[in-house]
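Inside the fold
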Protein chains: 4
Amino acid sequence: MATHILLINCPDETGLVYRITGVLYHHGHNIVSNNEFVDLESRQFFMRTEFLGEPDSASMLQELRAVLPPSAMIRFAHTGRRDIAILATKEPHCLGDLLIRHAYDELNARIRAVISNHDILGSLVEKFGIPFHYISHVEKERTEHEREVLAVLDEYDPEYVVLAKYMRVLTPAFVERYPNRIINIHHSFLPAFIGASPYRQAYERGVKIIGATAHFVNEGLDTGPIIAQSVTPVNHGYSAAEMAQAGRDVEEVALAKALKLVFEERVFLSGHRTIIFE
Amino acid sequence: MATHILLINCPDETGLVYRITGVLYHHGHNIVSNNEFVDLESRQFFMRTEFLGEPDSASMLQELRAVLPPSAMIRFAHTGRRDIAILATKEPHCLGDLLIRHAYDELNARIRAVISNHDILGSLVEKFGIPFHYISHVEKERTEHEREVLAVLDEYDPEYVVLAKYMRVLTPAFVERYPNRIINIHHSFLPAFIGASPYRQAYERGVKIIGATAHFVNEGLDTGPIIAQSVTPVNHGYSAAEMAQAGRDVEEVALAKALKLVFEERVFLSGHRTIIFE
Amino acid sequence: MATHILLINCPDETGLVYRITGVLYHHGHNIVSNNEFVDLESRQFFMRTEFLGEPDSASMLQELRAVLPPSAMIRFAHTGRRDIAILATKEPHCLGDLLIRHAYDELNARIRAVISNHDILGSLVEKFGIPFHYISHVEKERTEHEREVLAVLDEYDPEYVVLAKYMRVLTPAFVERYPNRIINIHHSFLPAFIGASPYRQAYERGVKIIGATAHFVNEGLDTGPIIAQSVTPVNHGYSAAEMAQAGRDVEEVALAKALKLVFEERVFLSGHRTIIFE
Amino acid sequence: MATHILLINCPDETGLVYRITGVLYHHGHNIVSNNEFVDLESRQFFMRTEFLGEPDSASMLQELRAVLPPSAMIRFAHTGRRDIAILATKEPHCLGDLLIRHAYDELNARIRAVISNHDILGSLVEKFGIPFHYISHVEKERTEHEREVLAVLDEYDPEYVVLAKYMRVLTPAFVERYPNRIINIHHSFLPAFIGASPYRQAYERGVKIIGATAHFVNEGLDTGPIIAQSVTPVNHGYSAAEMAQAGRDVEEVALAKALKLVFEERVFLSGHRTIIFE
């Protein structure tokens, strides 16, 4: 039988699980999996409940509103495929990995379109029968370029926007259009390197492990809430170019893991942190 | 404020979380963390609830019995230190790691005693002011030796018996005295090697990763339900002796992780598998 | 400047490195990287030397023969792309990963052709402009089927044959045609499971780590010398199907790593073991 | 038969391996393991040769000087135990791990003494029969305190000084006394956190992996050349205190690995990087 998911985040108080599961019980839903976590510092309550049966969302929502604090975030989610759009630039590795997973239905998503500010990935994307939109940023103001990208995104109305090595910084205005719905993959090292040529810096520092971080994009210049991180060992025999290749492999792994978690609705936001029910 | 833990395992049916949390709610306990899992194959329900406040266990148990299936396993547990005894033979690495963690209160346990069928670990154990019992197996029947070990264990009445490289096979009669309360650390490889000289076999097979498995001991000859596994890479430059040393390091890691999970009451048994709420 | 590789394996004796590097020196080659290992058990000497400049292989070979034991294996190798053929059955994950890496020249190989005993992977392969040969095994004797496969392989004359989830056991006669030049990816667990439905067995056993092994194929029924192994953690929440998916991800990683090592000529065979100069 | 190690670092030129192994050959030494690496950027040559037999170091050194560039670093090393001293402050985990390994001869070192600026680790150290020196820093100038520490170190004349969570910054004058012979273990994260309360920062940032870095101490404020790094996964359920505990475990692993590599003479320095022949 199909399952659905109920997601709740609100200030903590006594009896929340009881009140919430009461609503599910009175509607006859059997709970398959339930995760609940209270962040003792922020006093926030998080709950993800997977249950059997098709929910009467409207009336359940009303009943839940009645028993939960007024500021509660309450959401019903399906467990089917998410509609997504991918933004890329020139690098094919993360995009290619997503296209193969998508082709064999291992992504839990429908890739509606790929948009790039360069045209070289077009032939790869089109092999898989997915619309490719080349929107050059050359000789355009940042906001003008973003307006064009947003116009194409609007056509597809994706639930999530995945930045698969999209090398342009998004403006706050763009990010606000997809709040906590943009996922990025970021090279990041131990110790972390920022600025240009991160793998060059890693090489010169002689690191023994390199890593990657998948995260939500928020308005800050800094990376947003972390969803997944992955690492791989390297050694002195790696040139800066070989470190970059190892980095690409680990970026694929972290991004695929993050998307799986997000698409299965396992990720809550708690300020700058994520609560993840794996 | 201190937390306590409620553990429940029973056949699944609709409304269990609601009924259970109702009892907690009516007794005024706020839930800090709640994990629930239904094994869809066996139709078994598992729930671990950590809550604030000192429970009135007797009356709550009665109320829970009234709303749960008759076969339900219901248990209240504290979050404090467990009383444990350790059985060892000659190898010091796992025992030493536990003694250091214990000395600095990182084990969430009180080591009441160490028992060995050899005497060479005595000086190590006594450095830490812990009773050491040397019970030789030489010229004794297996059951006679076990009777002597059990007699000493009885003095200390441990909640768990940890086999820290104890190299003797336990009889079913011994195991029945501590059902699902004996934890062992087992060298195990990819592919797995059994019989004598496992590291010699691993060396000859040229494995690239070696591992270790911490598990509950049950009546079978086979290892019991797995609690934690850990691995480490090796290469052709490792002699069989060096593989064994790498194996010792990874055994320490897997055993320490398993004990942490068990002592925090995060481990349920489901037939031959474990359900672990990390 | 381009580099070349000299590979030597022979019984150990004093002065081998001196004699070998003398030949390189007198031909004016500067050594970029040199790895040498003596297996003290088998008394075998292994050396991989990467050097600058185009070698006069014929005369150097003659000079090396003159200073090395008569049984010495001596080989010059280039560092360019290897010609390979891939055998597959129905599963796309390892094949897809290799096709993407190939499309962006991250494989250090030219995929000359893909052969399968089913036709469903044809559309994927042909997206990338690579010849796909469907050779059904239905109603054919094993040797007859292999004869047809070998006939197609002969057309392409690959240096290596990669089994990317090819689900048929090869006969010794087939293996002898590509001695130590066939590389397979094998699901393998901790503890190892053989026979049908390995992931089902892993699920029932409740393992916490699953793995994969890339190895050379030899005449035995058993797996041949191990080249690379990779692992990933799983937990009780994984169904058998989800364990299989995690297994697919880790198979990709182990196979890609093994191919990189083999194509860079970093792998020696020593009986049933590999000596790998990473 | 015992092995010895020859270590050479010099500017690269053609024929170095030939000339060096010629000296070994003429002295009748059989090479067991040879690693050579040329850093193509800095044009530096690094070689580690493990050979059988007791070397006539003085005459071999003279012969090597004659065939190598004048600036060559040439060193003979034994494969036996190193004499070390440990500096600690209050935390017992790294120190305890080293003491246990030392007690069972798994450290390839003799711990000659432990020095601390606090006295609480004294009882642990003395359990193992190792001299403990408490040298408080209170009401002393930094240089005065260091002078006292150096005076005690002088008594023991250690080959290496291991900082096992020694929480004081060393002055350049101190570091110069043990050039590239001081090894430190540093908490470090993905992304890296500096300043006070690193685990608090990691918690607030919601990292999913934490790590540790073992490195040589040099004159800079920054960490010196990296020897080993290790990581472990964490999740939202970890409090800052639990992240710190996970950090302690991973610090032990990284430090033990680094010491093994250094004591086996597998680590070269190349500017700010290490070349490690594993």
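Everything below is about the structure shown above.
In this text, all values refer to a predicted model and were calculated from it rather than measured experimentally.

1. Re the relation of the copies chain D and chain C
Look at the two chain copies: a rotation about an axis and a shift along it is all it takes to match them. Superposition of chain D onto chain C requires a rotation of 180° combined with a translation of 0.0 Å along the rotation axis, giving an RMSD of 0.0 Å. What we have between these two chains is a two-fold relation. A shared binding surface is used by both copies, with 100% of the interface residues of chain D retained as interface residues in chain C.

2. A look at the interface of chain A and chain D
Listed as interface residues are 36 residues of chain A and, on the opposing side, 35 residues of chain D. Taken together, the connections running from chain A to chain D amount to zero salt bridges. Joining chain A to chain D, the criterion identifies ten residue pairs in polar contact (both at pLDDT 80 or more). Mapped onto the side of chain A that touches chain D, the elements with two or more residues apiece are strand 2 (31–39), strand 9 (182–189), helix 7 (198–205), strand 10 (209–216), strand 11 (226–233) and strand 13 (273–276) of chain A. A breakdown of the residues in the side of chain A that touches chain D according to their chemical character gives 17 nonpolar, eleven polar and eight charged.

3. Details of the interface of chain D and chain C
Taken together, the 23 residues of chain D in the interface contact 23 residues of chain C. Summed over both partners, the interface of chain D with chain C buries about 2000 Å², with 56% contributed by carbon and sulfur atoms. On inspection of chain D and its partner chain C, the count reaches zero salt bridges. Inspection of the chain D/chain C interface yields eight residue pairs in polar contact (both at pLDDT 80 or more). Among the secondary structure elements, those contributing two or more residues to the side of chain D that touches chain C are helix 1 (16–26) and strand 2 (31–39) of chain D. Per-element tally for the side of chain D that touches chain C: the top contributor is strand 2 of chain D, with eight residues. Grouping the constituent residues of the side of chain D that touches chain C by class yields eight nonpolar, eleven polar and four charged. Pairing geometry for strand 2 (residues 31–39) of chain C and strand 2 of chain D, over five bridges, is antiparallel. The residue bridging Asn35(C) from the neighbouring strand is Asn35(D), located in strand 2 of chain D.

4. Here we look at the packing of helix 1 (residues 16–26) of chain A against helix 2 (residues 57–67) of chain A
Residue and element names in this part refer to chain A. Where helix 1 meets helix 2, the axes come as close as 10 Å, and the angle between the chain directions of the two elements is 155°. As judged from the angle between their axes, helix 1 and helix 2 are roughly antiparallel. The two elements helix 1 and helix 2 meet at a crossing, and its hand is right-handed. In contact with Arg19, Ile20, Val23 and Leu24 of helix 1, helix 2 contributes Met60, Glu63, Leu64 and Val67. Its residues assigned to classes, the contact of helix 1 with helix 2 comprises six nonpolar, no polar and two charged.

5. Let's talk about the relation of the copies chain A and chain D
The transformation that overlays chain A on chain D combines an axial shift of 0.0 Å with a rotation of 180°, and the residual RMSD is 0.0 Å. Of the interface residues in chain A, 97% have counterparts in chain D that sit at the interface too, so the contact is made through matching surfaces.

6. Re the side chain of Asn117(A)
Residues and elements named next belong to chain A. Structurally, Asn117 can be placed in the loop between strand 6 (109–116) and helix 4 (122–127). Its relative accessible area of 4% is what places Asn117 among the buried residues. A distance of 3.0 Å separates the side chain of Asn117 from the side chain of Thr89, its partner in a polar contact. Here His137 takes part through its side chain, which lies 3.2 Å from a polar atom of the side chain of Asn117. Not counting residues within four places of it along the chain, the set of residues in contact with Asn117 comprises Ala88, Thr89, Tyr134, Ile135, Ser136, His137, His145, Tyr166 and Arg168.

7. Focus on the sheet that holds strand 2 (residues 31–39) of chain B
Strands pair in a sheet through their backbones, by hydrogen bonds, and they do so in one of two ways: parallel or antiparallel. Judged by pairing direction, the sheet is antiparallel, and its eight strands sit side by side in the order 4(A)-1(A)-3(A)-2(A)-2(B)-3(B)-1(B)-4(B) without closing on themselves. Both edges of this open sheet fall to strand 4 (73–78) of chain A together with strand 4 (73–78) of chain B, since each of them pairs with a single strand only. Strand-to-strand, the axes of this sheet are offset by a mean angle of 10°, without reference to chain direction. Pairing of strand 2 of chain A with strand 3 (residues 44–52) of chain A, which is carried by eight bridges, proceeds in the antiparallel orientation. Within the sheet, the bridge partner assigned to Val38(A) lies in strand 3 of chain A and is Phe45(A). Sheet strands in contact with helix 2 (residues 57–67) of chain B are strand 1 (3–11) and strand 4 of chain B, and its direction is about 155° off that of strand 4 of chain B.

About the thresholds
Residues numbered from 1 in each chain as written. Chains lettered and ligands numbered in written order. Predicted model: local features only at pLDDT ≥ 70, side-chain atom pairs only at ≥ 80, totals over all residues. Heavy atoms only, no water. Least-squares fit on C-alpha atoms with pLDDT ≥ 70 in both. Contact = heavy atoms within 4.5 Å. Salt bridge = Lys/Arg side-chain N within 4 Å of Asp/Glu carboxyl O. Polar contact = N/O pair within 3.5 Å; in protein donor to acceptor, adjacent residues only side chain to side chain. Helix = DSSP H or I, 4+ residues; strand = E, 2+ residues; numbered from the N terminus. Nonpolar A, V, L, I, M, F, W, Y, C, P; charged D, E, K, R; others polar. Buried area = accessible area lost by both parts, 1.4 Å probe. Pairing = 2+ DSSP bridges. Axes fitted to C-alpha atoms, helices over the stretch in contact; angles between N-to-C directions. Parallel < 35°, antiparallel > 145°, perpendicular 65-115°, else oblique. Left-handed = near helix turned anticlockwise from the far one by under 90°. Buried < 20%, exposed > 50% of the residue type's maximum accessible area, 1.4 Å probe, protein only.

Interpretation note: all reported values are geometric properties and have no functional meaning in isolation.
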